[in-house]
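Observations on the model geometry
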Amino acid sequence: MMPGEDLSGLSFFPIQLQSLRVETVLPFPIFLRHASSGQYILYRSKNTSFTQDILQQLIDNRIEEIYVPRSERDEFFEYASREIRHVVRDPDMDSRQKAEVVYSTTTRIMEDLFATPRASRRLRQAKMAIHYSVEFILYDEKATRNLLKLTSHDYYTYTHSVNVTIYALALARRVYSGELDRHNFKLLAEGFLLHDLGKSVIPASIINHPGKLNETQWNLMRQHPEIGRKILEETHQNNEVLDAIVYQHHERIDGKGYPRQISRTEIHPYARLCALADVFDAITTVRSYREPLTTFEALKTMKDTMGDHFDWDYFNEFVKLFREDSDSADPADPVS
Ligand SMILES: [Fe+2]
Ligand SMILES: [Fe+2]
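Residue numbers run consecutively from 1 along every chain, following the written order of its sequence. The naming scheme follows written order: chains are lettered A onward, ligands numbered 1 onward. Given that this is a predicted model, residues contribute local features only at a pLDDT of at least 70 and side-chain atom pairs are listed and counted only at 80 or more, while totals for whole chains, interfaces and linings are drawn from all residues. To get the side-chain values, all heavy atoms of the structure are used, and hydrogens and water are removed first.

1. Things to note about the overall build of the protein chain
Rules: Segments assigned H or I by DSSP are reported as helices when at least four residues long, segments assigned E as strands when at least two residues long, and all are numbered from the N terminus. Atoms counted for the radius of gyration: C-alpha only. Globule rule: 2.2 Å times residue count to the power 0.38. We call two residues contacting when some pair of their heavy atoms lies within 4.5 Å. We get accessible surface area from the Shrake-Rupley algorithm with a probe of 1.4 Å; when it comes to residues, only the shown protein chains can shield them. When charges are counted, Lys and Arg are positive and Asp and Glu negative, with His and the chain ends excluded. By convention, the charge on Lys lies at NZ, on Arg at CZ, on Asp at CG and on Glu at CD.
Helices and strands together make up the secondary structure of the protein chain, namely 14 helices and 6 strands. Computed over the C-alpha atoms, the radius of gyration of the protein chain is 21 Å, within 12% of the 20 Å expected from 2.2 N^0.38 for a compact globule of 336 residues. Within the protein chain, counting contacts between residues at least 6 apart in sequence, those at least 24 apart form 68% of the total. Accessible area for the protein chain stands at about 15700 Å²; split by element, carbon and sulfur atoms hold 47% of it. In the protein chain, 41 positive and 49 negative side-chain charges are present, and the distance between their average locations comes to 2 Å.

In structure tokens, the structure reads:
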């Protein structure tokens, strides 16, 4: 493969410039896209060093997005999930940039994971990426705020998974603020990220179905907590925390959830945290058949119409998450 070779027959995916670390060897080639022709041009071959000079050259040319062939995605994900650790610890990178890398890398790994849910390699990479994101959320004060601003409102199971992780982790950090060391946040994050893993085997036509599902579709949809649990078991990834979140996140405080209709304290506290974040993200997201709710409308709707669904104490803490974020918070307070 020579630089400049026309490879328009290959398919590519975009990555952000910030996800490449200077002085690392890139185990995948990188391509640029020609602005007018749309053609992809080889910029650096596989296994070459990414140097400060190359970075500067790209910055000088105002290039923010570069491309990697889909056939090299394993190599890219392995690299990205490993390097996210250095990104979150980089003293020269600001919190906003870190949040972008964390969000985009995790989302892309999840997108791929949902396409191949039983690939234990991808599961491991998703876990690795989210572990360093946890470090970022717990120790960088601005991290949560920046991540909350980034949450994308498109409805895809993988963006939803990343959004739910951000909301639920931020909530857990508040709820457990006096006892952070008593909870394994890395494991918690894995659970939140994988809570809908079972949806990966449900046909997209049902997942993206506009409006109400018929009974057969709904019965299938309701199986996703059990399917998720099974995938974790089959891939030897299951443990008590993941199981609680994946299997119980649709249970309700009033006992009218699924799959087991357990209620109140029978529901694991981590699953109760996840349930709040899950519904909040679902109703603030664009769907083909309805407008998304704003943060204020969503919190108000949850308070007014879903009072029996959630843990009330957790809900009050959840609201505060947005109140503290003065830049994006709605001025009114739905719980006052
Ligand atoms: Fe779910
Ligand atoms: Fe969900």
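That was the structure; now back to the text.
2. Looking at the packing of helix α2 (residues 73–89) against helix α3 (residues 95–115)
Each pair of packed helices can be described by the angle between their axes along with the distance between the axes. Stated precisely, the cut-off is as follows: Note on definitions: angles span 0 to 180 degrees between N-to-C directions of axes, and those axes are lines fitted to C-alpha atoms, for helices only across the stretch in contact. Every angle not falling under 35 degrees, over 145, or within 65 to 115 is termed oblique; those three ranges are roughly parallel, roughly antiparallel and roughly perpendicular. Crossing chirality is assigned from the near helix's rotation relative to the far helix, an anticlockwise turn below a right angle marking it left-handed and a clockwise turn marking it right-handed. Gly counts as polar in this scheme, as do all residues outside two lists: the nonpolar Ala, Val, Leu, Ile, Met, Phe, Trp, Tyr, Cys and Pro, and the charged Asp, Glu, Lys and Arg.
At a closest axis distance of 10 Å, the pairing of α2 and α3 adopts a crossing angle of 150°. The pairing of α2 with α3 is recorded here as roughly antiparallel in orientation. As for how α2 packs across α3, the hand of that crossing is left-handed. Residues Arg73, Phe77, Ala80, Ser81, Ile84, Val87, Val88 and Arg89 of α2 form the contact with α3, whose participating residues are Lys98, Val101, Val102, Thr105, Thr106, Arg108, Ile109 and Asp112. The residue inventory of the contact of α2 with α3, partitioned by class, reads 8 nonpolar, 3 polar and 5 charged.

3. Some details on the coordination of the iron ion (ligand 1)
How we decide: Donor atoms (N, O, S) are those found within 2.8 Å of the metal centre, with the cutoff raised to 3.2 Å for Na, K and Ca; water is not part of the atom list, so apparent gaps in a site can occur. Here the metal geometry follows the donor angles, with tetrahedral for four donors whose angles all fall between 85 and 135 degrees, square planar for four and octahedral for six when opposite donors are more than 155 degrees apart and every other angle is between 65 and 115, and irregular for all the rest.
The iron ion (ligand 1) binds to the protein through Asp196 (OD), His224 (NE2), His249 (NE2) and His250 (NE2), with metal-donor distances spanning 2.1 to 2.2 Å. Its 4 donor atoms give the iron ion (ligand 1) angles of 87 to 176° at the centre, a pattern that matches the irregular case. Counting gaps between the donor residues of the iron ion (ligand 1) yields the pattern D-x27-H-x24-H-H. Between the iron ion (ligand 1) and the iron ion (ligand 2), the interatomic distance is 3.5 Å, and aspartate 196 donates to each metal, bridging them. With aspartate 196 in the loop between α7 (185–193) and α8 (204–207) and histidine 250 in the loop between α11 (240–248) and α12 (269–283), the pair connects residues that are 54 residues apart, well separated along the chain.

4. Section: the pairing of strand β6 (residues 65–69)
The cut-off we apply is this: Think of it in three bands: residues with accessible area under 20% of the maximum for their type are buried, residues over 50% are exposed, and the middle band is partly exposed, with areas taken using a 1.4 Å probe on protein chains only. Pairing between strands is defined by DSSP: at least two bridges between the two strands are required.
With 4 of 5 residues buried, β6 lies mostly within the body of the structure. Here 5 bridges tie strand β1 (residues 12–16) to β6, and the two strands are oriented antiparallel to one another. Along β6, the bridge assignment pairs isoleucine 15 with isoleucine 66.

5. A word on the side chain of asparagine 146
Its place among the elements puts asparagine 146 in helix α5 (residues 143–150). In contact with asparagine 146, other than residues within four places in its own chain, are Ser95, Arg96 and Ala99.

6. Things to note about the coordination of the iron ion (ligand 2)
Around a metal, the idealised angle for a tetrahedral arrangement of four donor atoms is 109.5 degrees; for an octahedral arrangement of six donor atoms it is 90 or 180 degrees. On the protein side, the iron ion (ligand 2) has His160 (NE2), His195 (NE2), Asp196 (OD) and Asp278 (OD) as donor atoms, found 2.1 to 2.3 Å from it. Of note is the iron ion (ligand 2), whose 4 donor atoms meet at the metal with angles of 78 to 170° in an arrangement that counts as irregular. Assessed through its relative accessible area of 7%, aspartate 278 is described here as buried.

7. Topic: the pairing of strand β3 (residues 30–33)
Pairing analysis gives 4 bridges linking β3 to strand β4 (residues 40–44), with the strands arranged antiparallel. Within β4, the residue paired with arginine 33 across the bridge is tyrosine 40. Counting the residues in the hairpin turn of β3 and β4 gives 6 residues, including glycine 38, whose phi is positive at 75°.

8. Quick notes on the domain arrangement of the protein chain
Just so we agree on the cut-off: Domain delimitation in this document rests on an assignment produced automatically or drawn from a domain database. Each of two parts loses accessible area, computed with a 1.4 Å probe, when they are put together; buried area is these two losses added. Within this document, salt bridges are pairs made up of a side-chain nitrogen of Lys or Arg and a carboxyl oxygen of Asp or Glu, the two lying within 4 Å of each other. We define a polar contact as two N or O atoms separated by no more than 3.5 Å, with the added condition that, inside protein, one atom must be a possible hydrogen donor and the other a possible acceptor, whereas residues neighbouring each other in sequence contribute only through side-chain atom pairs.
Segmentation of the protein chain into domains returns domain 1 (1–72) and domain 2 (94–323). Of note, the centres of domain 1 and domain 2, computed from C-alpha atoms alone, are 33 Å apart. Opposite the 5 residues of domain 1 that make contact, domain 2 presents 6 residues. Considering only the surface of domain 1 that becomes buried against domain 2, Gln16, Gln18 and Ser19 emerge as the three largest contributors, covering 69% of it. Linking domain 1 with domain 2 are 0 salt bridges. Joining domain 1 to domain 2, the criterion identifies 1 residue pair in polar contact (both at pLDDT 80 or more). For the side of domain 1 that touches domain 2, the residue count by class is 2 nonpolar, 3 polar and no charged.

9. Some remarks on the environment of arginine 272
Inspection of the secondary structure puts arginine 272 in helix α12. The spacing of arginine 272 and histidine 250 is 22 residues in sequence and 8.7 Å in space, taken between C-alpha atoms. If we skip the residues at most four places from it in the chain, arginine 272 touches Ile253, Arg264, Thr265, Ile267, Asp311 and Tyr314. In terms of polar contacts, arginine 272 uses its side chain to reach the backbone carbonyl oxygen of isoleucine 267, at 3.1 Å.

10. Observations regarding α5
Burial analysis of α5 places 6 of its 8 residues in the buried class, the great majority of the element. Of all the positions in α5, only Ala143, Thr144, Asn146, Leu147, Leu148 and Leu150 are classed as buried. The inward-facing, buried residues of α5 abut α3, α4 (120–139), α6 (157–175) and α14 (312–323).

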